[in-house]
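# Chains, contacts and geometry: an overview
What follows is the residue order along each chain.
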Amino acid sequence: MKRLGILISGRGSNFEAIADSIEVGRLEAEIAIVISNNPHAKGLRTAKRRGFKAVCIRSRAIDREAYDRLVIEKLRQERVDLVCLAGFMRLLSAHFVNEYPRRILNIHPSLLPSFPGLEAQLQALEHGVKYTGCTVHFVDERLDAGPIIAQAVVRVRDSDSEDQLAARILEEEHRVYTEAVRLVLSGDFRIEGRRVLRTP
Ligand code: GAR
């Protein structure tokens with residue numbers, strides 16, 4: 001069984017969606033460890049309550065690569081095969097990316113390459129796009145930039161507040177993250193340039 005390491009910073013709903021998918025048999029994998037850089041993350045409490053191994057490795061006042069080395073050590077201890085960033089609000093160092101080549105995924109609440117970075121839903125509203133959505137991609141050391149594995153489209157309504165739009169995007173995030181993890185674990189893809197292509 002492939003072992004997932006899930007990195008969070010906050011609410012942890014994408015982590016929960018992956019956990020739910022595993023529970024109902026939609027995804028064949030196990031969650032080896034949940035790591036939060038933020039001791040107050042709601043997702044950390046949820047993970048513990050649900051019986052997962054969950055730890056906080058604080059990122060405050062520590063150099064990026066030194067921090068990443070601590071996280072890598074934990075992931076290795078737990079024999080993690082695939083790292084899933086789920087609302088983990090930190091850039092990874094090149095060292096981290098090289099330790100897990102093509103084995104780190106991230107979810108972002110926009111149709112990348114539009115609206116990378118923070119407050120992607122607000123950026124989309126303010127830009128006036130009619131459609132936005134979410135993206136699961138391989139992680140490299142650049143922000144929200146690696147090859148795209150899966151996307152889902154969400155229509156922007158005239159009446160949308162930022163919260164309403166974010167909530168509809170989040171529903172799609174929860175669905176699409178499982179699909180992307182399943183594809184990557186299956187190995188049924190190849191990467192050509194920036195394109196992630198399914199292999200039959
Ligand atoms: C999600 O919307 C995720 O796409 C976003 O943070 C939220 C975390 O929610 N991630 C980013 O913006 C990364 N650039 P969650 O903690 O409930 O999964």
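See the structure printed just above.
Only a predicted model underlies this, so the values are computations on that prediction, with no experimental measurement involved. (Residues numbered from 1 in each chain as written. Predicted model: local features only at pLDDT ≥ 70, side-chain atom pairs only at ≥ 80, totals over all residues. Heavy atoms only, no water.)

## Side note on the environment of Phe52
Rule in force here: Numbering of helices and strands runs from the N terminus, with a helix taken as a DSSP run of H or I at least four residues long and a strand as a DSSP run of E at least two residues long.
Topologically, Phe52 is positioned in the loop between α2 (42-49) and β3 (54-56). Spatially, the C-alpha atoms of Phe52 and Arg76 are 17 Å apart, while their sequence positions differ by 24 residues.

## What about the nonpolar core?
This is how it is decided: By nonpolar core we mean a set of buried residues, namely Ala, Val, Leu, Ile, Met, Phe, Trp, Tyr and Cys, connected to one another through side-chain atoms within 4.5 Å. Each residue gets one of three labels from its accessible area relative to the maximum for its type: buried under 20%, exposed over 50%, partly exposed in between, using a 1.4 Å probe on protein chains only. In what follows, residue pairs with any heavy atoms lying within 4.5 Å of each other are defined as contacts.
By size, the foremost hydrophobic cluster in this structure holds 37 residues, and its most contacted members are Ile6, Leu105, Ile149 and Tyr177. The element best represented in this core is helix α6 (residues 162-186), accounting for 8 residues. Residues in contact with Ile6, not counting those within four places in the same chain, are Phe15, Ile18, Ile31, Ile33, Val34, Ile35, Cys84 and Ala86. Counting 19 residues, the second largest nonpolar core, distinct from the first, contains Ile35, Val80, Phe88 and Leu92.

## Quick look at the packing of helix α5 (residues 120-127) against α6
Filter applied, for reference: All axes are obtained by fitting lines to C-alpha atoms, using only the stretch in contact for helices, and the reported angles, taken between N-to-C directions, cover 0 to 180 degrees. Angular relationships are summarised with four words: roughly parallel below 35 degrees, roughly antiparallel beyond 145, roughly perpendicular across 65 to 115, and oblique for the angles in between. Handedness of a helix crossing follows the sense of rotation of the near helix relative to the far helix, less than a right angle counterclockwise being left-handed and clockwise being right-handed. Note on residue categories: nonpolar means Ala, Val, Leu, Ile, Met, Phe, Trp, Tyr, Cys or Pro, charged means Asp, Glu, Lys or Arg, and polar means any other residue, Gly included.
Two elements in contact, α5 and α6, have axes whose closest approach is 9 Å; the angle formed by their N-to-C orientations is 120°. In this view, α5 runs oblique relative to α6, as classed from their interaxial angle. Of the two elements, α5 crosses α6, and the hand of that crossing is right-handed. Residue-level contacts link Gln121, Leu122 and Leu125 of α5 to Glu162, Leu165, Ala166 and Ile169 of α6. Residues of the contact of α5 with α6, tallied by class, amount to 5 nonpolar, 1 polar and 1 charged.

## What about the site of the ligand?
Put simply, the rule reads: Near, as used in this document, describes a residue that has one of its heavy atoms within 4 Å of the molecule or strand being considered. Here a polar contact means two N or O atoms within 3.5 Å. Within protein one must be a hydrogen donor candidate and the other an acceptor candidate, and residues neighboring in sequence count only if both atoms are side-chain atoms. Note on areas: Shrake-Rupley, 1.4 Å probe, and residue coverage restricted to the protein chains presented here.
Looking at the ligand, the residues that line it are Arg11, Gly12, Ser13, Asn14, Gly87, Met89, Ile107, His108, Pro109, Asp144 and Glu173. Here Arg11 contributes a side-chain N or O atom positioned 2.6 Å from an oxygen atom of the ligand. Asn14 is positioned with one of its backbone polar atoms (N or O) 2.9 Å from an oxygen atom of the ligand. Here the ligand, which alone exposes 450 Å², has 89% of that area covered by the protein. Those elements that provide at least two residues to the shell around the ligand are α1 (13-23) and β5 (104-108). Within the shell around the ligand, the residues separate by chemical class into 3 nonpolar, 5 polar and 3 charged.

## Considerations on the environment of Glu179
Within the fold, Glu179 resides in helix α6. Counting along the chain gives 158 residues from Glu179 to Ser21, while the straight-line C-alpha distance between them is 9.7 Å.

## Considering α6
Threshold: Multiplying one less than the number of residues by 1.5 Å gives the expected span of a helix.
With 25 residues, α6 extends 35 Å between its outermost C-alpha atoms, agreeing within 8% with the 36 Å of an ideal straight helix rising 1.5 Å per residue. Every buried residue belonging to α6 is among Leu165, Arg168, Ile169, Leu170, Glu173, Val176, Tyr177, Thr178, Ala180, Val181, Leu183 and Val184, and all of these are buried. With its phi angle positive at about 75°, Gly187 sits one or two positions after the end of α6.

## A word on the pairing of strand β9 (residues 195-198)
To keep it simple, the criterion reads: Strand pairing requires that DSSP identify at least two bridges connecting the strands.
Pairing geometry for strand β8 (residues 189-192) and β9, over 4 bridges, is antiparallel. Residue pairing in the sheet places Glu192 in a bridge with Arg195 of β9. Following β8, the chain reverses through 2 residues before pairing antiparallel with β9; Gly193 in that reversal takes a positive phi of roughly 65°.

## Remarks on the pattern of salt bridges
As a reminder of what qualifies: What makes a salt bridge here is a side-chain nitrogen of Lys or Arg within 4 Å of a carboxyl oxygen of Asp or Glu, nothing more.
As enumerated under the stated definition, the model contains 13 salt bridges in all. Salt-bridge contacts for Glu23 lead to Arg50; the nearest nitrogen and oxygen are separated by 3.0 Å. Separated by 27 residues along the polypeptide, Glu23 in helix α1 and Arg50 in the loop between α2 and β3 bring together distant segments of the chain. Its salt-bridge partner being Asp140, residue Arg142 comes within 2.5 Å of it at the nearest N-O pair. Where salt bridges share partners, they join Arg3, Glu30, Lys53 and Glu78 into one cluster.

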